[in-house]
Amino acid sequence: MTIAVTGASGRMGRSILGLASDRGVETIAVSRTLTDVDEAASTCQPEDLPSVLAEQSVDALIDFTVPAASVEFLDACVDTETPAVIGTTGFEASELDRIERASDVVPVLRAANFARGVQGLLALVREAAGALPGYDVELTETHHNGKRDAPSGTANTLLDAIEAETDATERVYGRDGIQPRSDGEIGVHVRRAGSIRGEHEVVFAGNDEVLTLTHRAESRRVFAAGALDAATWLAGQEPGQYAFSEVIADT
Ligand SMILES: NC(=O)C1=CN([C@@H]2O[C@H](COP(=O)(O)OP(=O)(O)OC[C@H]3O[C@@H](n4cnc5c(N)ncnc54)[C@H](OP(=O)(O)O)[C@@H]3O)[C@@H](O)[C@H]2O)C=CC1
Ligand SMILES: O=C(O)C1=N[C@H](C(=O)O)C[C@H](O)C1
């Protein structure tokens, strides 16, 4: 199996190349800045990706970059019918529409978090939100100081899940000054510090009790493993948008 990895010099790009090499998966490193990568069979510049995908047999592309670059890489996948796994977060609505349109032509799997444990967190948060109507809900996410987007993609996914199960629909980002809590709020708190890989905590509080659900990633390898599992699974699928939960259910 051969996988093209965009953003190869990045935190996630490096982690994916390392794990792919450990698993015996061949990779093509796509990078603006790298010319040679020990773990990859070859390296190419982003502008050469369309011709590389057209000329070589590539089973899937894995993208962890920035939204603007991600949708450009996806265009190359559409032109060459290459399945795309997207881990990038922070997309705007117009970019999500573009991803949706691409999935008419190629299989696309976009997930804000490729840690298997986060799928467990999502299921538990849905259940707790449904079981505890009227409880105050507050979400806190913590990441390394190099993260660009806030709140995290995972936080937004959790917030969507909470809103689907409760009457709380007003996201309040941090609080400052005189700002008492009102019904229907979900407090959202973002912390950026050091090299923290990624923590998400949801608190349900009411009735003189507190339920806290937390996921903490201790290494980027959990995300890399999920993305590689997703790429292997996606390579055999028809065009369409897929969820990481489908990969987990199947593997
Ligand atoms: N879904 C998940 O499980 C996870 C998602 N993420 C998300 O993945 C994304 C990347 O995170 P991370 O690896 O920490 O980020 P980094 O900044 O470390 O790496 C991103 C890489 O993308 C490439 N890149 C950046 N800007 C451009 C551009 N304008 N055009 C083309 N390439 C570009 C660069 O690689 P180069 O110079 O080699 O081209 C850069 O090193 C983020 O959106 C993050 O939220 C992160 C972890 C897990
Ligand atoms: O940027 C990161 O590092 C991470 N980003 C993802 C997100 O935005 O949810 C997933 C993970 O928490 C790490």
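Residues numbered from 1 in each chain as written. Chains lettered and ligands numbered in written order. Predicted model: local features only at pLDDT ≥ 70, side-chain atom pairs only at ≥ 80, totals over all residues. Heavy atoms only, no water.

Focus on the pairing of strand E6 (residues 107–110)
The side chains of a regular strand alternate, first on one face of the sheet and then on the other.
Then comes step 1: Bridge analysis of strand E5 (residues 84–86) against E6 gives three bridges, and the strand direction is parallel. Looking at the pairing, Ile-86 lines up with Arg-110 of E6.
Then comes step 2: Viewed along the sheet, the connection from E5 through helix H4 (residues 93–102) into E6 turns out right-handed.
Then comes step 3: The sheet contact formed by E6 and strand E12 (residues 240–242) spans three bridges and is parallel. Looking at E12, one finds that Val-108 is bridged to Gln-241. (Pairing = 2+ DSSP bridges. Helix = DSSP H or I, 4+ residues; strand = E, 2+ residues; numbered from the N terminus. Right-handed = clockwise from strand over helix to strand, strands pointing away.)

Digging into the site of ligand 2
Then comes step 1: The environment of ligand 2 is formed by 13 residues, the closest being His-143, His-144, Lys-147, Gly-153 and Thr-154.
Then comes step 2: The side chain of His-143 places a nitrogen or oxygen atom 2.6 Å from an oxygen atom of ligand 2.
Then comes step 3: Cavity membership is defined here by more than half of the atoms lying within 2 Å of grid points; on that basis ligand 2 lies in the largest pocket.
Then comes step 4: Structurally, the shell around ligand 2 is a two-domain feature, drawing no fewer than three residues from each of domain 1 (2–114 + 220–250) and domain 2 (116–216). (Near = heavy atom within 4 Å. Polar contact = N/O pair within 3.5 Å; in protein donor to acceptor, adjacent residues only side chain to side chain. 1 Å grid on protein atoms, 1.4 Å probe; cavity = no way out; pocket = protein on both sides within 12 Å on 5 of 7 lines; lining within 4 Å. Sits in = over half its atoms within 2 Å of the grid points. Domains from an automatic or database assignment.)

A short note on the pattern of salt bridges
Then comes step 1: Scanning the model with the defined rule gives 14 salt bridges in all.
Then comes step 2: Close ionic contact of Arg-181 with Glu-138 constitutes a salt bridge, the shortest N to O distance being 2.8 Å. Pair noted here: Arg-181 is in the loop between strand E8 (170–173) and strand E9 (185–192) and Glu-138 is in strand E7 (residues 136–143), with a separation of 43 residues, a long-range link.
Then comes step 3: Notably, a salt bridge pairs Arg-216 with Glu-218, separated by 2.9 Å at the nearest N-O pair.
Then comes step 4: Residue classification places Arg-216 among the partly exposed residues on the basis of a relative accessible area of 49%.
Then comes step 5: With a relative accessible area of 62%, Glu-218 lands in the exposed category.
Then comes step 6: In this structure, a network of salt bridges that share partners links the residues Asp-136, Glu-138, Arg-175, Arg-181 and Glu-185. (Salt bridge = Lys/Arg side-chain N within 4 Å of Asp/Glu carboxyl O. Buried < 20%, exposed > 50% of the residue type's maximum accessible area, 1.4 Å probe, protein only.)

Regarding the site of ligand 1
Then comes step 1: Every one of the 23 residues lining ligand 1 counts as a neighbour, but Ser-9, Ser-31, Thr-89, Phe-114 and Lys-147 are closest to it.
Then comes step 2: Contacts to ligand 1 include Met-12, whose backbone N or O atom sits 2.8 Å from an oxygen atom.
Then comes step 3: The contact in question runs from an oxygen atom of ligand 1 to an N or O atom on the backbone of Arg-32, over 2.9 Å.
Then comes step 4: For ligand 1, whose accessible area on its own is 920 Å², the fraction buried by protein is 82%.
Then comes step 5: Spatially, ligand 1 is embedded in the largest pocket. (Areas by Shrake-Rupley, 256 points an atom, 1.4 Å probe, with all protein chains shown as cover.)

Observations concerning the nonpolar core
Then comes step 1: By size, the foremost hydrophobic cluster in this structure holds 34 residues, and its most contacted members are Ile-16, Ile-62, Leu-109 and Phe-114.
Then comes step 2: Breaking this core down by element, the ones donating at least two residues are strand E1 (2–6), helix H1 (11–23), strand E4 (60–63), helix H7 (221–234) and helix H8 (244–250).
Then comes step 3: The element that contributes the greatest number of residues to this core is H7, accounting for nine residues.
Then comes step 4: Setting aside residues no more than four positions away along its own chain, Ile-16 makes contact with Val-5, Ile-62, Phe-64, Ala-224 and Leu-228.
Then comes step 5: Cys-44, Val-52, Val-58 and Ala-84 belong to the second largest nonpolar core, which has 21 residues in total. (Core = buried A, V, L, I, M, F, W, Y, C linked by side-chain atoms within 4.5 Å. Contact = heavy atoms within 4.5 Å.)

A word on the UniProt feature "active site" (unreviewed entry) in the chain
Then comes step 1: Mapped onto the present numbering, the UniProt feature "active site" (unreviewed entry) falls at His-143 and Lys-147. Restricting the annotated residues to those that line the largest pocket leaves His-143 and Lys-147.
Then comes step 2: Note that His-143 resides in strand E7.
Then comes step 3: Residue His-143 is classed as buried on the basis of its relative accessible area of 7%.
Then comes step 4: Within the local environment of His-143, its side chain forms a polar contact with the side chain of Glu-141, the two groups lying 2.8 Å apart.
Then comes step 5: Note on placement: Lys-147 falls in the loop between E7 and helix H6 (153–165). (UniProt positions renumbered as here; feature names shortened; annotations may be inferred.)

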